[in-house]
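# Structural features, examined
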Amino acid sequence: MTSRIPRDSRLRLVRPRPLAAAPSAVNQRRPRRPAPRPPEGTPAPAELARMARSGLADAARVARWADGALGPGRDGTGSDGKGTLSDETAGRAAEELGLTAAQVRAAWDTARLAGLIEVHGDSARPGWRLRAWNRDDSAVLRGWVALFDAWSLASPEPTDREPAAVAEVVSAMPQVLSFLQLSAGPVPVEQLLDLLEQRVTELRTERCEIPYGPQPEPVEEPETADAPLAPLLDWALRALASAGALTYGDGQATLTPLGSWAVWVKLEQICVAAQSPAGNIEVAAEEMLRGCAQLRPNAARAEYRAWLAARPVGSAVTELLGAARGDDALLRGLAFEALRVVGAPAEPDVRSVADEPTLRPYALLWLAEHDGIDPEDAHEVLTREEATWLWVDTAAAVADHGEAPMLVRHLESALQPTVPRLLDEVRAVGHPRTVQVLVALAAAHPDPALAKAVRRAAFQVHTGG
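Below: a short report on this structure. Given the structure is predicted, the values throughout are model-derived calculations rather than measurements.

Note: strands within a sheet are paired through backbone hydrogen bonds, in either parallel or antiparallel orientation. Ordered in space as 3-5-4, the 3 strands form an open sheet in which the pairing is antiparallel. Looking along the sheet, the strands with just one partner apiece sit at the ends: strand 3 (187–188) and strand 4 (246–249). Relative to strand 5 (residues 252–255), strand 4 is paired through 4 bridges, and the arrangement is antiparallel. Bridge pairing in strand 5 links Tyr 248 to Ala 253. Across the sheet, helix 8 (residues 163–183) is in contact with strand 3, strand 4 and strand 5; its angle to strand 5 comes to roughly 75°. Its contacts with the sheet put helix 10 (residues 230–242) on strand 4 and strand 5, and the angle it makes with strand 4 is roughly 130°.

With 72 residues, the main nonpolar core has Trp 108, Leu 116, Trp 144, Met 173 and Leu 196 as its most contacted residues. Per element, the largest residue contribution to this core is 9 residues, and it comes from helix 8. The residues contacting Trp 144, other than those within four sequence positions of it, are Ala 52, Leu 56, Ala 243, Gly 244, Ala 245, Leu 258, Gly 259 and Ala 262. Core analysis: the next-biggest nonpolar cluster, separate from the first, contains 65 residues, Leu 364, Leu 382, Met 406 and Ala 414 among them.

Take helix 8 next. End to end, helix 8 covers 30 Å across 21 residues, agreeing with the expected 30 Å (1.5 Å per residue, within 8%). At Ala 172, helix 8 shows its maximal kink, close to 35°; a proline, Pro 174, follows between one and four residues later. Here helix 8 has its buried residues at Ala 165, Val 166, Glu 168, Val 169, Val 170, Ala 172, Met 173, Val 176, Leu 177, Ser 178, Leu 180 and Gln 181. Looking one or two residues beyond helix 8, the residue adopting positive phi is Ala 184, at roughly 55°.

Closest axis-to-axis distance for the helix 2 (residues 57–69)/helix 4 (residues 101–113) pair is 8 Å, and the angle between their directions is 90°. The angle between the axes of helix 2 and helix 4 places the two elements in the roughly perpendicular class. On the side of helix 2, the interface is formed by Asp 58, Ala 59, Val 62, Ala 63 and Ala 66, while helix 4 contributes Val 104, Ala 107, Trp 108, Thr 110 and Ala 111. Residues belonging to the contact of helix 2 with helix 4 are distributed by class as follows: 8 nonpolar, 1 polar and 1 charged.

Basis of the calculations
Residues numbered from 1 in each chain as written. Predicted model: local features only at pLDDT ≥ 70, side-chain atom pairs only at ≥ 80, totals over all residues. Heavy atoms only, no water. Pairing = 2+ DSSP bridges. Helix = DSSP H or I, 4+ residues; strand = E, 2+ residues; numbered from the N terminus. Contact = heavy atoms within 4.5 Å. Axes fitted to C-alpha atoms, helices over the stretch in contact; angles between N-to-C directions. Core = buried A, V, L, I, M, F, W, Y, C linked by side-chain atoms within 4.5 Å. Buried < 20%, exposed > 50% of the residue type's maximum accessible area, 1.4 Å probe, protein only. Expected span 1.5 Å × (residues − 1). Bend = angle between axes of the 7 residues up to and from the residue. Parallel < 35°, antiparallel > 145°, perpendicular 65-115°, else oblique. Nonpolar A, V, L, I, M, F, W, Y, C, P; charged D, E, K, R; others polar.

Okay, here's the thing in structure tokens:
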């Protein structure tokens, strides 16, 4: 059970450069949970990867074309900031690849969702999965699972339906997919519709809150509760079919081998998390992150994956960013570690918070690593002020959750070559926890002269000097 494994370090918010090596306990071999076996009849990973490559063949072709045709300094996307292909580029790709413009656009969108293409503003670049596409089966399967996770983005949602109803169906589809996986064969659409209606009713009941006291007159709203769900189920099944997760026709749906395997993987992740003493799968993001704070990094990532598997990607990312905006710097760092597990689907949301001062350094590091920069070098994308702000934020997490020696060692990760330079720049960045961090550092440091200088800096910040 992953949650029982003690973590070697409570804090991994800034990737260490000159910090001391991790304790030797990290390298000790511990009993591992035996790898679960997929259901009988599941193809081997190599065969699953072959299926994924076949289904994503057009997406890979368009990605390779873009790699050569849309190099640095050449515009290929529109100006909407969403990575939409311009008409000229789509036409040129269609002519050179022997596809229609509509097929090129569809393949482009699929390549983005699968991580074969990464779009940043008006520029596109090949994703790391494209480089490993022909030689790494695990990279191919991860790319396909990323597309599977983002199925609701693969096909435009119905414009004649209320967004709330669409969101309810997206939230309910994991139960429908689980039923399909357990059925191991064709299932009539009428049966899936009954299951979907039951699950949507449960979701609406869970949200129901009865307020106390006199209430104002109700305002008329669209009656989403009475709207038929059959059209939305049709949309969801068609979207999943376009992603290659199932076949849909003649009034029934059947999971493909790839879809069955992906659902089984997610169910297995959920079962692993459900065994944890903290019950991380059932709780909100903030509580989940607190439950993972004591775990080793690999065990924590397993918990993140299971927690994410039980939720729609969009709402999970929103919840994690909400936890990151809180006052606890430890949760802020852990939230972005969980977002690293999310991967490409989280990029638009992470990019959108890059202008928030509290989240900016974390977001910039996340985006740099997502762009393929080595994690050890990602800190170079930060300005001196941003790196100093992050140093203070990490120190605040150490002060709140770590031990005094860890705070002293944290000095070694600062960019500044001397303590006086560090203190000058720490005072200048204006982090709200600066005083508390300096007081804690002064109390923890064994050098009396240095501790005195740090206390003096804390006093000066406190008095506005």
